[in-house]
Amino acid sequence: MATSESGSDQTSSALSDSFHTPYYCEENVYFLCKKLSASGTAAADGSDLFVVFISNEKKQTPLWNQKASKRADGVVLWDYHAICVQRKKEGDTPLLVWDLDSSLPYPSPLTSYVSETFQPSFQLFSEYQRFYRIVHAPIFLRYFASDRRHMKDSAGNWTAEPPKYEPIVAEDGTVHNLNEYNEIHAADVMTNAGDFLNAVFTERLGAVINENQLEEFFLKIP
């Protein structure tokens, strides 16, 4: 006999099951932002949501507690990953992470997500150091586009089955700019808090920060 779910559990389950396509995290997070806003879980205009791309110059990004992992510790070496962070205006847990590929609770508080997914105490070689591109969701939803070319091999075959819906096209007609979001370099990191706060809320590609700045950034949002 099935156990009943609370309203919040049912909402989270529906948000995770309805549109997730493995290996298409950028499209998953695009529709997640729309669903969170439409369902009333987030602000109707998505103003409390942020898309975070995680990568580095070598496209070798270790994350723990990932559903795709075959290892006991759940680690996966992604070329890049994309998640949604919600900065709620009220409540006991104002910072939440929505990660459709994580085995952690969905959503998870930012602090525990960082601890369990990034394992800050684990000493990484420099080539695996993670960087974070943060984009305000309303801007991302207007400008992001992907024709999925990155998911085809040299012979034109899919490396992973694509979503059934049509590719995402930006409001301005752009058909592909995923590479502009997931190409992240150490030289792109902004160190001035005021500068990266402004960039996140005004720039199409947001701002790039390092791991030590991640929680600090979200705490500084007014």
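Structure: see above.
Overview of the structure. If you're wondering where the values come from, they're calculated on a predicted model, not measured in any experiment.

Another aspect to go through is the pattern of salt bridges. Enumeration according to the criterion identifies six salt bridges in this entry. One salt bridge connects Glu-27 with Arg-148, and the closest N-O pair in it is separated by 2.8 Å. On the criterion of sequence distance, the pair formed by Glu-27 in helix α2 (residues 25-38) and Arg-148 in the loop between α4 (137-143) and α5 (178-182) is long-range, its members being 121 residues apart. Arg-148 sits in the buried class, given a relative accessible area of 4%.

Another aspect to go through is helix α6 (residues 193-202). Considered for burial, the residues of α6 that qualify are Phe-196, Leu-197, Ala-199 and Val-200. In an axial view of α6, the angular spread of the buried residues amounts to 165 degrees, which keeps them on one side of the axis. Along its buried surface, α6 packs onto β1 (49-55), β7 (131-136), α4, β8 (207-210) and α7 (214-220). With a side-chain oxygen positioned 2.9 Å from the backbone nitrogen of Gly-194, the residue opening α6 is Asn-192.

Turning next to the sheet that holds β7. Two pairing modes exist for strands in a sheet, parallel and antiparallel, and in both the strands are linked by backbone hydrogen bonds. One open sheet accounts for six strands, arranged β6-β5-β4-β1-β7-β8; its pairing is antiparallel. Lying at the two open borders of the sheet, with one neighbouring strand each, are β6 (108-109) and β8. Two elements, β1 and strand β4 (residues 81-87), share six bridges in a ladder whose sense is antiparallel. Following the sheet pairing, Leu-49 is matched in β4 by Gln-86. Sheet strands in contact with α2 are β1, β4 and β5 (95-98), and its direction is about 20 degrees off that of β4.

Let us look at the nonpolar core. Of all hydrophobic cores here, the largest spans 30 residues; its most connected members are Leu-32, Phe-53, Cys-84 and Phe-140. Top element by residues in this core is α2. It accounts for six residues. If we skip the residues at most four places from it in the chain, Cys-84 touches Val-29, Leu-32, Cys-33, Leu-36, Leu-49, Phe-50, Leu-96, Val-97 and Trp-98. Of all hydrophobic cores here, the second largest spans 27 residues; its members include Leu-95, Leu-110, Leu-197 and Phe-218.

Extensive coverage of β7 is indicated by the burial of six of its six residues. Side chains of β7 alternate between two faces, with Phe-131, Arg-133 and Val-135 and Tyr-132, Ile-134 and His-136 buried alike. Bridge analysis of β1 against β7 gives six bridges, and the strand direction is antiparallel. Within the sheet, the bridge partner assigned to Ile-54 lies in β7 and is Tyr-132. As judged from the four bridges shared by β7 and β8, these two strands associate in the antiparallel manner. Residue pairing in the sheet places Tyr-132 in a bridge with Ile-209 of β8.

Before going further, it helps to examine the environment of Leu-124. Considering the arrangement of structural elements, one finds Leu-124 in the loop between α3 (110-118) and β7. Placed 62 residues apart in sequence, Leu-124 and Pro-62 show a C-alpha to C-alpha distance of 9.0 Å. When neighbours within four sequence positions are excluded, Leu-124 is seen to be in contact with Pro-62, Trp-64 and Arg-130.

Attention now goes to the side chain of Glu-26. Among the secondary structure elements, Glu-26 is positioned in helix α2. It is Arg-148 that comes nearest to the buried, bridge-free Glu-26 among opposite-charge side chains, at 7.0 Å. Apart from the residues within four sequence positions on either side, Glu-26 is in contact with Phe-53, Tyr-80, Ala-82, Phe-140, Phe-144, His-150 and Leu-178.

Turning next to the side chain of Asn-65. Checked against the element boundaries, Asn-65 lands in the loop between β2 (61-63) and β3 (76-78). Overall, the relative accessible area of 19% leaves Asn-65 in the buried class. Within the local environment of Asn-65, its side chain forms a polar contact with the backbone oxygen of Glu-116, the two atoms lying 2.8 Å apart. Filtering out sequence-adjacent residues up to four positions away, Asn-65 remains in contact with Asp-73, Gly-74, Val-75, Asp-101, Ser-102, Ser-103, Leu-104, Glu-116 and Gln-119.

Criteria and thresholds
- Residues numbered from 1 in each chain as written.
- Predicted model: local features only at pLDDT ≥ 70, side-chain atom pairs only at ≥ 80, totals over all residues.
- Heavy atoms only, no water.
- Salt bridge = Lys/Arg side-chain N within 4 Å of Asp/Glu carboxyl O.
- Helix = DSSP H or I, 4+ residues; strand = E, 2+ residues; numbered from the N terminus.
- Buried < 20%, exposed > 50% of the residue type's maximum accessible area, 1.4 Å probe, protein only.
- Arc of directions from axis to C-beta.
- Contact = heavy atoms within 4.5 Å.
- Polar contact = N/O pair within 3.5 Å; in protein donor to acceptor, adjacent residues only side chain to side chain.
- Pairing = 2+ DSSP bridges.
- Axes fitted to C-alpha atoms, helices over the stretch in contact; angles between N-to-C directions.
- Core = buried A, V, L, I, M, F, W, Y, C linked by side-chain atoms within 4.5 Å.
- Lys, Arg positive; Asp, Glu negative; His and termini not counted.

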